[in-house]
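Tertiary structure, described
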Amino acid sequence: MKKSLVKVFLMFGLLILSGCSTNQLSQTEEMQSDRDLAKLALDSGRPDSAISIYRKQLDLHPNDTDLLLAIGTAYNKMSEFDLALHYLNQAQALVLIETNKSSVIRGQILRERGNAQQGLGNLEGAILDLKKAVELLPNDAKALNSLGINYALFKDYPQARVAFTGALANAPDNLEYRNNLALAWILDGQPQQGIGVLYSHYLRGSSTSKSRQNLALAFAMKGDVEAAETIAKQDLTKAELENNLAYYQQLYQGQSQQGSLLTEQVKQ
């Protein structure tokens, strides 16, 4: 009788333990499913929906580094840079303690923190974080592009071009990175180099409105206002085109005057 009772208790105990394990597994699966939905929302341009899911999970797991990175990234996409930095700083503090975290996660946190600082106008802090991110993620096109943008904002165009070239090497079909590289040449007073980056894609019909306007600007800087007009008018209203053409003329005349002054100075 006692043996049979012991067996019953043991079986009952096993059933309870099995039930707990199944329940925990279902909770884990549900959380992962929710994160997958949040990632899908983020990738499809709905960061607000992703944030709603992440915030609920953060209430249960406030020290989850991956979750803090995810919500920081989502707030960056919404241009809520102060909130992004808040969560990314928490993630950064945790990875300093969690020595088992991969270099990928560490690099992604630094990349997103750099983006948040750039959005808040702290360009020096942004460059420091992004340089560290690129060291950890040398093939991360997003980190390289962000670093290039910050160098360009400092008017360090040679360094910007190095970063944009690296971004393009890892994502050769990305038109944004290509446009950024061209602009780093154009703003550095070398429009022909910018034309070289953009023109073949323009001829193939794979340019964007932004890249076409930069290509038009490059032609105008060279004095080919007719080519600039042909390219620019594809995306502009009549009034916008007239304004741009007036600017192109002023730009070219100003460059011509500067060239004449330099020539006179050399003669003297």
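Residues numbered from 1 in each chain as written. Predicted model: local features only at pLDDT ≥ 70, side-chain atom pairs only at ≥ 80, totals over all residues. Heavy atoms only, no water.

Along the protein, the regular secondary structure elements total 13 helices and zero strands. Listing each helix as α and each strand as β along the protein from the N terminus yields α-α-α-α-α-α-α-α-α-α-α-α-α. Taken across its 268 residues, the protein has 40% of its residues classed as buried. A separation of at least 24 residues holds for 46% of the contacts in the protein among residues at least 6 apart in sequence. Total accessible area on the protein is roughly 15900 Å²; 55% of this is exposed by carbon and sulfur atoms. (Helix = DSSP H or I, 4+ residues; strand = E, 2+ residues; numbered from the N terminus. Buried < 20%, exposed > 50% of the residue type's maximum accessible area, 1.4 Å probe, protein only. Contact = heavy atoms within 4.5 Å. Areas by Shrake-Rupley, 256 points an atom, 1.4 Å probe, with all protein chains shown as cover.)

Here the focus is helix H7 (residues 141-153). Between its first and last C-alpha, H7 extends 18 Å over 13 residues, near the 18 Å set by a 1.5 Å rise per residue. Among all positions of H7, only Ala141, Ala143, Leu144, Asn145, Ser146, Leu147, Gly148, Asn150 and Tyr151 are buried. Along its buried surface, H7 packs onto helix H5 (103-119), helix H6 (123-136), helix H8 (157-170) and helix H9 (175-186). The opening residue of H7, the one whose side-chain oxygen lies 3.0 Å from the backbone nitrogen of lysine 142, is aspartate 140. Positive backbone phi, at 65°, marks lysine 155, one or two positions downstream of H7. (Expected span 1.5 Å × (residues − 1). Polar contact = N/O pair within 3.5 Å; in protein donor to acceptor, adjacent residues only side chain to side chain.)

Before going further, it helps to spend a moment on the packing of aromatic side chains. Evaluated as defined, the whole model comprises four aromatic pairs. Pairing tyrosine 75 with tyrosine 87 gives two aromatic rings, centres 5.8 Å apart and planes at 0°, and the pair type is stacked. Here tyrosine 75, found in helix H3 (residues 65-77), pairs with tyrosine 87, found in helix H4 (residues 81-97); they are twelve residues apart in sequence, far enough to count as distant. Plain terms: the ring middles of tyrosine 199 and phenylalanine 219 are 5.8 Å apart, the flat faces sit at 75° to each other, and that makes the pair edge-to-face. Of the two residues, tyrosine 199 sits in helix H10 (residues 191-203) while phenylalanine 219 sits in helix H11 (residues 209-222), which places them 20 residues apart along the sequence. Residue phenylalanine 219 is classed as buried on the basis of its relative accessible area of 11%. Within the aromatic cluster, the residues linked to one another by ring pairs are Tyr199, Tyr202 and Phe219. For the cation-ring pair, arginine 161 lies above tryptophan 185, with the distance from its terminal atom to the ring centre recorded as 3.8 Å. (Phe/Tyr/Trp six-rings, centres within 6.5 Å; stacked < 30°, edge-to-face > 60°. Lys NZ or Arg CZ within 6 Å of the ring centre and 35° of its normal.)

On to unusual backbone geometry. Phi is mostly negative for residues that are not glycine, and the peptide bonds are mostly trans. A positive phi angle is found at serine 79, which is not glycine, with a value near 60°. The residue serine 79 is located in the loop between H3 and H4 in this model. Of the residues examined, serine 79 reaches a relative accessible area of 48% and is grouped as partly exposed. Of note in this structure, lysine 155 is not a glycine but carries a positive phi near 65°. Mapped onto the secondary structure, lysine 155 falls in the loop between H7 and H8. Given the relative accessible area of 64%, lysine 155 is considered exposed.

Turning next to the packing of H4 against H5. Pairs of packed helices are described in terms of their axes, by the angle between the two and the distance that separates them. H5 packs onto H4 with a crossing angle of 150° between their chain directions and a minimal axis gap of 9 Å. Classified by the interaxial angle, the pair formed by H4 and H5 is roughly antiparallel. Between H4 and H5 lies a crossing of left-handed hand. Where H4 approaches H5, its residues Phe81, Ala84, Leu85, Leu88, Asn89, Ala91, Gln92, Val95 and Leu96 are matched on the opposing element by Arg106, Ile109, Leu110, Glu112, Arg113, Asn115, Ala116, Gln117 and Gly119. Residues that form the contact of H4 with H5 fall into these classes: ten nonpolar, five polar and three charged. (Axes fitted to C-alpha atoms, helices over the stretch in contact; angles between N-to-C directions. Parallel < 35°, antiparallel > 145°, perpendicular 65-115°, else oblique. Left-handed = near helix turned anticlockwise from the far one by under 90°. Nonpolar A, V, L, I, M, F, W, Y, C, P; charged D, E, K, R; others polar.)

Next up on the list: the side chain of asparagine 180. Examined against the element boundaries, asparagine 180 turns out to sit in helix H9. The contact partners of asparagine 180, leaving out residues within four places of it in the chain, are Asn145, Ile149 and Phe164.

A word on the pattern of salt bridges. As a working rule, side chains carrying opposite charge can pair if their charged atoms are close by. Tallying each qualifying case throughout the model produces seven salt bridges. A salt bridge links arginine 113 to aspartate 129; the nearest nitrogen and oxygen atoms lie 2.8 Å apart. Remark: aspartate 129 occurs in helix H6 and arginine 113 occurs in helix H5; sequence separation between them is 16 residues. Residue classification places aspartate 129 among the buried positions, given a relative accessible area of 3%. Across the salt bridge formed by aspartate 235 and arginine 212, the nearest N and O atoms sit 2.8 Å from each other. With aspartate 235 in the loop between helix H12 (225-232) and helix H13 (238-267) and arginine 212 in helix H11, this residue pair connects regions lying 23 residues apart in the sequence. You can call aspartate 235 partly exposed: its relative accessible area is 29%. (Salt bridge = Lys/Arg side-chain N within 4 Å of Asp/Glu carboxyl O.)

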